[in-house]
Amino acid sequence: MVDIAENERTWLLSGPSSSYALHLTEEDELLHLHWGPSIALVDAEALAVRPLPGYWPFETPLDGREEYPVEGGPRFVRPALSVRTEERRGTEWTFTGHEVEGDELRLRFWDAGLAITLHYRMRGDVVERWVTLDNEGPARVELLRADAATWTLPDREGWRLSQLHGRWAAESRLTSAPLTHGEKVIGSRRGHTGHQHLPWVALDTDATEERGEVYGCALGWSGSWRIAVAQLPDARVQITGGAGYDESGLLMLEAGESYTSPVFAGLWSDGGFGGASRTWHAYQRAHIIPDADRDRPVLFNSWEATNFDISEDQQSALARRAAAIGVELFVVDDGWFGARTSDRAGLGDWTPNPDRFPNGLKPLADSVHALGMQFGIWVEPEMINPDSDLYRAHPDWVQYQSGRKRTELRNQLVLNLAREDVQEYLWEQLDALLSSAPIDYVKWDFNRCFTDAGWPGEPYPQRLWVDHVRAFYALLDRLRAAHPGVAFESCSGGGGRIDLGVMSRTDQVWTSDNTDPLDRLAIQHGFTQIHPARVMAAWVTDSPNTQLNGRFSSLRFRFVSSMAGVLGVGGDLAEWSEEELTEAGEWVELYKEIRPVVQRGELYRLRPPEGGLSAVQYVLGDETVVLACLQAQSYGEPVPALRLRGLDPTASYECRETGEIHRGAVLLHHGLRAGLRGDFDAAVFRLRRI
Ligand code: GLA
């Protein structure tokens, strides 16, 4: 809901439990007023007349108070907008009006032919912000930087910054540190979202998992990006974020051209980190994730089982074993196309390898369907091996700099998706592929960063960074529209492309190539700070772990760890014993039962992964599921009881596992005894309100 003051210069956006307010001065300075608990319009108006501190000449009262600081004039903070024409650099805008359409507020400004529109939309308690820039004048305008938004925090002492950092096979690890004066900058200059940081930050002063104020911001962009958190000289804090890492130029807007930034979403919660996560999850389920009400199937993926060494018969045999344990979607990973018998060849040639699949993918897809499962495949369309028919035909279709070497990573180059001929080629290949066989699922990978992002002959090659992402989105959108039954997974060597942008056009994400069930608990703890279990793919693989660390772990531990998200199986089922297969079947059956609660319920992180005992709880209506994992028991001490959350203290709950009836108040205040012991023990508890 948007409220507007009578003078039409103060605006208040309200969600169910929070408000956001801003004010335009007589000089057309757009000031931030409030972001936090619900307030009324009169409160916002009272804030609007509070005098600004008089700071001149070495500080300016605008710094740390503006909604969208532009470059130029009395401002020394990081500008959200930096533009230049042949004549001048910077912006001096005048306000030209506002509009409200539905729940979206638009504020319009003008500077010498450049129309600047700031967009605000409240969805639940999440504020979405973005900017559009329209060049309506005759001159070209270069956008050096056009961030989506600048967020301003209230005056508090002792801000703490939380972020999700990592690298390949170690993504989404949560870390927090006190914010000090100056700037903390995270981002990616790699062309994709990156494993190194999820585009998310949270700020608090004294919050715990379940209590206290938390501010969170997350960017919806799958290319290079930057979020800068600044503590200014007077201790005000602002968070600025958008597409692109540097100010080296985002786009050149010719007369009549426009730019729309990605959405930078933000929320305030007074329910601690858990409350903030639940608000993020509800927002994504309601507004971002396609068909979020439809639960994701249990999948099998062949990568860890068979690597590049695949054949139709061998995959059929795996499919029979997968079907027997209850798998619902069978995915053939890398190695089915072109000359792809290793990572040295084949990317770019998206037709089945004739030696491995002499009659195409249809026979395998049909046999998978006959087993009652859906059929999926792996692709990596944005990439090309120099050893491919595509490269031999079009060596100029890749990103490269004239006269410089073409850097190969994993023996591959990046296609220049900004080119229309490349876009058209990929559309034709993928559309034909999806039409050639009954394919229900596509795992879409991206296995290297940009290194030589050049485009010889193009007058403004810098546009490639933005246009690649736009072309990737457009291709996904077009394929989804043409093949509405096909679900997509976003993968980038594991979790290298996870953000709200890609999530709005894919059905789930590959969380990490690290399938060690213990490491996964920490990765999942970080991941769920922002994203819900509904998109978090998690496979049960072999023990000892083949991919990473050779760790031995019980099948029980591996299953319970993976059941916290979208369960998958990725072990070599051909090598699993009858007992293991039987046990796996039982876990899969149990998962199907708890799936609606896990995938659609409210998540409570009961205990973080550090400290040996880790547990998460999901609540949906009268149903509650608790997943508990014990890494190691020490000194024979009983593990602590798990204090549950989100229950009615006056109600009773029946535990399906033990048959015991528990009082809600007891579970909340004294806890559930999980009875785990030894090493790598784990358990699932299903509780129903009676
Ligand atoms: C990436 C993915 C893996 C697998 C391989 C195939 O690393 O993250 O899951 O698909 O590519 O080459």
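1. A closer look at the pairing of strand β35 (residues 652-655)
Reasoning step 1: Relative to strand β36 (residues 661-663), β35 is paired through three bridges, and the arrangement is antiparallel. Bridging across to β36, Ser 652 finds its partner in Arg 663.
Reasoning step 2: Following β35, the chain reverses through five residues before pairing antiparallel with β36; Gly 659 in that reversal takes a positive phi of roughly 80 degrees.
Reasoning step 3: Taken together, the three bridges between β35 and strand β37 (residues 679-689) define a ladder with antiparallel strand orientation. Bridge assignment links Tyr 653 to a residue of β37, and that residue is Arg 689.

2. A look at the domain arrangement of the protein
Reasoning step 1: Per the domain assignment, the segments making up the protein are domain 1 (2-287), domain 2 (299-390 + 407-417 + 425-446 + 461-596) and domain 3 (613-689).
Reasoning step 2: On a C-alpha basis, the centres of domain 1 and domain 3 stand 40 Å from each other.

3. What to know about helix α10 (residues 517-527)
It helps to recall that an α-helix has 3.6 residues per turn; residues three or four apart then point in one direction.
Reasoning step 1: Among the eleven residues that make up α10, nine are buried, leaving the element largely enclosed by the rest of the structure.
Reasoning step 2: For α10, the full list of buried residues reads Pro 517, Leu 518, Arg 520, Leu 521, Ile 523, Gln 524, His 525, Gly 526 and Phe 527.

4. Digging into empty space enclosed by the protein
Reasoning step 1: According to the stated counting rule, one finds six cavities of 30 Å³ or more in the structure shown.
Reasoning step 2: The space that makes up the largest cavity amounts to roughly 170 Å³.
Reasoning step 3: Going through the elements one at a time, α10, α11 (555-562), β32 (602-607), β33 (613-620) and β34 (623-632) are the ones with two or more residues in the lining of the largest cavity.
Reasoning step 4: Sorting elements by how many residues they give to the lining of the largest cavity places β33 first, with four residues.
Reasoning step 5: Grouping the constituent residues of the lining of the largest cavity by class yields eleven nonpolar, five polar and two charged.
Reasoning step 6: Each of domain 2 (299-390 + 407-417 + 425-446 + 461-596) and domain 3 (613-689) contributes no fewer than three residues to the lining of the largest cavity.

Definitions and cut-offs
Residues numbered from 1 in each chain as written. Predicted model: local features only at pLDDT ≥ 70, side-chain atom pairs only at ≥ 80, totals over all residues. Heavy atoms only, no water. Pairing = 2+ DSSP bridges. Helix = DSSP H or I, 4+ residues; strand = E, 2+ residues; numbered from the N terminus. Domains from an automatic or database assignment. Buried < 20%, exposed > 50% of the residue type's maximum accessible area, 1.4 Å probe, protein only. 1 Å grid on protein atoms, 1.4 Å probe; cavity = no way out; pocket = protein on both sides within 12 Å on 5 of 7 lines; lining within 4 Å. Points joined across faces, edges and corners; volume = space filled by probe spheres on them. Nonpolar A, V, L, I, M, F, W, Y, C, P; charged D, E, K, R; others polar.

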